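Each chain is listed here by its residues.
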Number of protein chains: 2
Amino acid sequence: MLTAVSTPVATRLLTAAARLLSEEGPAALTTRRLAREVGTSTMAVYTHFGSLPDLVRAVIHEGFQRVAERLRALPATDDPVADLFEECRVTVEYARAEPHHFAVMFSGSPLAGLQMSEDDLRIGSYALRIARDTVERCIAAGRFRPAEPWLVTRHLWCQTHGLIQLERAGYFGPTLVPPGTPYLETYLRDFAVGAGDTLEAATASMARPHPRRATPE
Amino acid sequence: MLTAVSTPVATRLLTAAARLLSEEGPAALTTRRLAREVGTSTMAVYTHFGSLPDLVRAVIHEGFQRVAERLRALPATDDPVADLFEECRVTVEYARAEPHHFAVMFSGSPLAGLQMSEDDLRIGSYALRIARDTVERCIAAGRFRPAEPWLVTRHLWCQTHGLIQLERAGYFGPTLVPPGTPYLETYLRDFAVGAGDTLEAATASMARPHPRRATPE
DNA sequence: CCCACCTCCATAACACTGTTATGCCCTCAT
DNA sequence: ATGAGGGCATAACAGTGTTATGGAGGTGGG
């Protein structure tokens with residue numbers, strides 16, 4: 001039983017699961033709770049999804065799609081480095097807004113015994129294609145030194161996910177990091193410098209006045 | 001009920017928990033399984049630790065200590081950048097050797113409802129002090145541009161944890177990344193460049209023949 | 001020496017979990 | 001109208017964390 005479920009009960013289960021995950025965390029994702037929320041019985045989960053982990057998998061796929069949509073909605077300007085910064089900011093903002101969602105999407109930690117398949121991984125890294133294209137533009141523009149774009153993109157991905165994870169765990173809390181520290185901006189700028197950009201150009205791209213994103217909806 | 005438990009049953013519980021976590025993953029960490037493993041009843045968990053999450057917390061603290069020990073065992077050479085690289089490599093190697101352990105230590109994902117306290121976070125970031133000192137040496141040596149050492153250290157921490165997490169989730173598997181790609185080395189080198197080092201110096205520090213670590217045991 | 005006490009744990013229960021077998025109901029096609 | 005089948009309600013099973021209870025076993029005081 002994969003995805004592509006569209007009967008009304010199945011979609012209601014999906015939205016209820018997303019809401020519960022978002023509002024009360026993974027502990028609220030139980031079959032009985034879902035059934036009560038939707039007004040059905042636990043069997044609905046099994047007829048429509050096969051198991052609870054499979055339902056969670058569907059929720060995850062939806063999350064991937066949502067992030068990819070937000071990234072696709074960003075306009076490409078003539079400053080690819082600034083565009084790359086903006087893409088990272090959007091990702092981090094999504095992760096901060098939906099911490100549980102994001103945690104389940106990427107934790108790899110077996111919530112309810114779920115583990116990602118090869119296909120899941122491919123879907124999960126699909127949003128990376130967008131960043132990869134931007135990285136390629138950075139290289140073509142001479143801002144980044146010539147390199148394999150995927151390799152550079154994955155480096156940024158590591159940095160972004162590490163930041164999100166450590167933020168969520170609390171390691172950037174106010175008692176550990178002085179409040180107001182623009183660490184995300186610093187790390188993005190330094191990443192660009194590490195990829196080949198000059199400190200001045202990277203700083204300028206960071207300070208660039210709002211390459212405001214086209215609102216998705 | 002905090003840590004500092006030393007009665008024989010408690011330590012046997014701890015070692016059994018660490019072994020189960022290491023060998024069979026977090027799903028094996030149940031009170032009944034632990035009791036069976038140690039030859040006692042589930043009540044032992046509660047008299048000695050208070051709850052299962054508290055036992056897991058103790059396991060986590062032990063993991064933190066072990067990583068810090070390995071880092072402290074590294075000798076300081078006259079190339080602080082190479083030393084920093086080595087510290088990262090040791091951390092990544094530990095994470096690869098004990099993936100479940102590391103995942104629980106930093107996932108922040110509420111395994112069995114555990115969530116880190118302020119003290120836990122302080123303990124967790126204690127190993128960072130070692131890296132921070134090395135970063136300071138990099139700045140003092142003129143390899144890194146002047147900056148707040150903690151800020152730079154946390155950047156490296158983000159990058160390292162993101163890589164570990166995505167590796168564990170499978171995003172660096174052979175079907176996604178060409179096998180043999182030295183991505184960790186590339187990312188460390190680019191990080192140094194982003195922190196102010198020159199590409200040539202960073203490459204040289206990376207290629208430096210084994211600043212072999214003093215074996216801890 | 002004996003008795004009180006007190007810590008540690010074995011037993012059993014409670015409320016929960018995911019999952020499955022069974023069977024009913026309702027719909028839809030023939 | 002009647003058979004067929006999908007979708008779900010009910011109830012059960014095996015497992016979970018946790019707690020109350022009570023019984024051993026050692027320890028200290030009289």
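Cut-offs applied
- Counting restarts for each chain: residues are numbered from 1 in the order of the written sequence.
- Here chains are named by letter from A upward and ligands by number from 1 upward, in the order in which they appear as written.
- In keeping with the model being predicted, local features are shown solely for residues with a pLDDT of at least 70 and side-chain atom pairs are shown and tallied solely at 80 or more, while totals for entire chains, interfaces and linings include all residues.
- Excluding hydrogens and water, the side-chain values take into account all heavy atoms of the structure.
- A single heavy atom is enough: if one lies within 4 Å of a molecule or strand, its residue is considered near that molecule or strand.
- Side-chain atoms alone can form a polar contact between residues adjacent in sequence; in general such a contact is a pair of N or O atoms within 3.5 Å, and within protein one must be able to donate a hydrogen while the other accepts it.
- Working definition: helices are DSSP H or I runs of at least four residues, strands are E runs of at least two. Numbering for both runs from the N terminus.
- Contacts are assigned to residue pairs with any non-hydrogen atoms lying within 4.5 Å of each other.
- Here the quantity called buried area is the total loss of accessible area, with a 1.4 Å probe, experienced by two parts when brought into contact, counted for both.
- Salt-bridge detection follows one rule: a side-chain nitrogen of Lys or Arg within 4 Å of a carboxyl oxygen of Asp or Glu.
- UniProt positions are given in the numbering used here, feature names are shortened, and annotations may be inferred rather than shown by experiment.
- To superpose the copies, least squares is applied to the C-alpha atoms of every residue with a pLDDT of at least 70 in both.
- Relative accessible area decides the class of each residue, using a 1.4 Å probe on protein chains only: under 20% of the type maximum gives buried, over 50% gives exposed, and in between gives partly exposed.
- To estimate the expected span of a helix, subtract one from its residue number and multiply by 1.5 Å.

Caption draft 1: The arrangement of the protein's contact with DNA strand D in detail. Near DNA strand D lie 16 residues; those nearest to it are T40(A), S41(A), H48(A), T31(B) and R32(B). Contact distances for DNA strand D include 2.7 Å between a phosphate oxygen and a side-chain N or O atom of H48(A). At 2.6 Å, a side-chain N or O of T31(B) approaches a phosphate oxygen of DNA strand D. Of all the secondary structure elements, the ones that give two or more residues to the surface near DNA strand D are α3 (43-49) of chain A together with α2 (31-38), α3 (43-48) and α4 (52-72) of chain B. Among the elements that take part in the surface near DNA strand D, α3(A) stands out by supplying three residues, more than any other.

Caption draft 2: Structural view of the interface of chain B and chain A. Facing the 45 residues of chain B at the interface are 45 residues of chain A. Across the chain B to chain A interface the summed buried area is about 3,800 Å²; carbon plus sulfur atoms make up 63%. For chain B, the biggest contributors to the area lost against chain A are H155(B), Q165(B) and Y171(B); these three give 18% of the whole. The partner of R145(B) in a salt bridge is D190(A), and the shortest N-O contact between them spans 3.5 Å. Seen at the junction of chain B and chain A, the total is twelve residue pairs in polar contact (both at pLDDT 80 or more).

Caption draft 3: Broad picture of the UniProt feature "domain: HTH tetR-type" (unreviewed entry) in chain A. UniProt tags residues 7-67 of chain A as "domain: HTH tetR-type" (unreviewed entry). The span residues 7-67 of chain A is 79% helical and 0% strand by assignment, and the distance between its end C-alpha atoms comes to 24 Å.

Caption draft 4: Region of the structure containing the UniProt feature "DNA-binding region" (unreviewed entry) in chain A. Under the local residue numbering, the UniProt record ascribes the feature "DNA-binding region" (unreviewed entry) to residues 30-49 of chain A. As a span, residues 30-49 of chain A carries 75% helix and 0% strand, and end to end its C-alpha atoms are 14 Å apart.

Caption draft 5: Structural view of the protein's contact with DNA strand C. For DNA strand C, the set of nearby residues contains 16 residues, the closest of which are T31(A), R32(A), T40(B), S41(B) and H48(B). The sugar-phosphate portion of DNA strand C accounts for 47% of its atoms within 4 Å of the protein, the bases making up the rest. With respect to DNA strand C, the side chain of Y46(A) contributes an N or O atom lying 3.0 Å from a phosphate oxygen. Secondary-structure elements contributing two or more residues to the surface near DNA strand C are α2 (31-38), α3 and α4 (52-72) of chain A together with α3 of chain B. No other element matches α3(B), which puts three residues into the surface near DNA strand C.

Caption draft 6: Broad picture of the relation of the copies chain B and chain A. Superposition record for chain B on chain A: RMSD 0.0 Å, screw rotation 180°, translation along axis 0.0 Å. The transformation relating the two chain copies, once decomposed into turn and shift, fits a two-fold axis. Of the residues that chain B buries at the interface, 100% are likewise interface residues in chain A, meaning the two copies contact each other through the same surface.

Caption draft 7: Representation of the pattern of salt bridges. All told, the structure shown has 38 salt bridges over all chains when counted by the stated rule. A salt bridge links E136(B) to R132(B), with the shortest nitrogen-to-oxygen separation between them at 2.7 Å. With E136(B) and R132(B) both in helix α8 (residues 127-140), this residue pair falls four residues apart, about one helical turn. With a relative accessible area of 36%, E136(B) lands in the partly exposed category. The class of R132(B) is buried, set by a relative accessible area of 16%. The partner of D190(B) in a salt bridge is R189(B), with the nearest N and O atoms 2.9 Å apart. The buried category is assigned to D190(B), whose relative accessible area is 9%. One connected set of salt bridges, linked through shared partners, spans R19(A), E23(A), E24(A), R33(A) and E37(A).

Caption draft 8: Spotlight on helix α1 (residues 8-24) of chain A. All names here are of chain A. With 17 residues, α1 ought to run about 24 Å at 1.5 Å a step, and its terminal C-alpha atoms sit 23 Å apart, in line with that. Considered for burial, the residues of α1 that qualify are A10, L13, L14, A16, A17, A18, L20 and L21. Contacts from the buried residues of α1 go to α2, α3, α4 and α6 (99-107).

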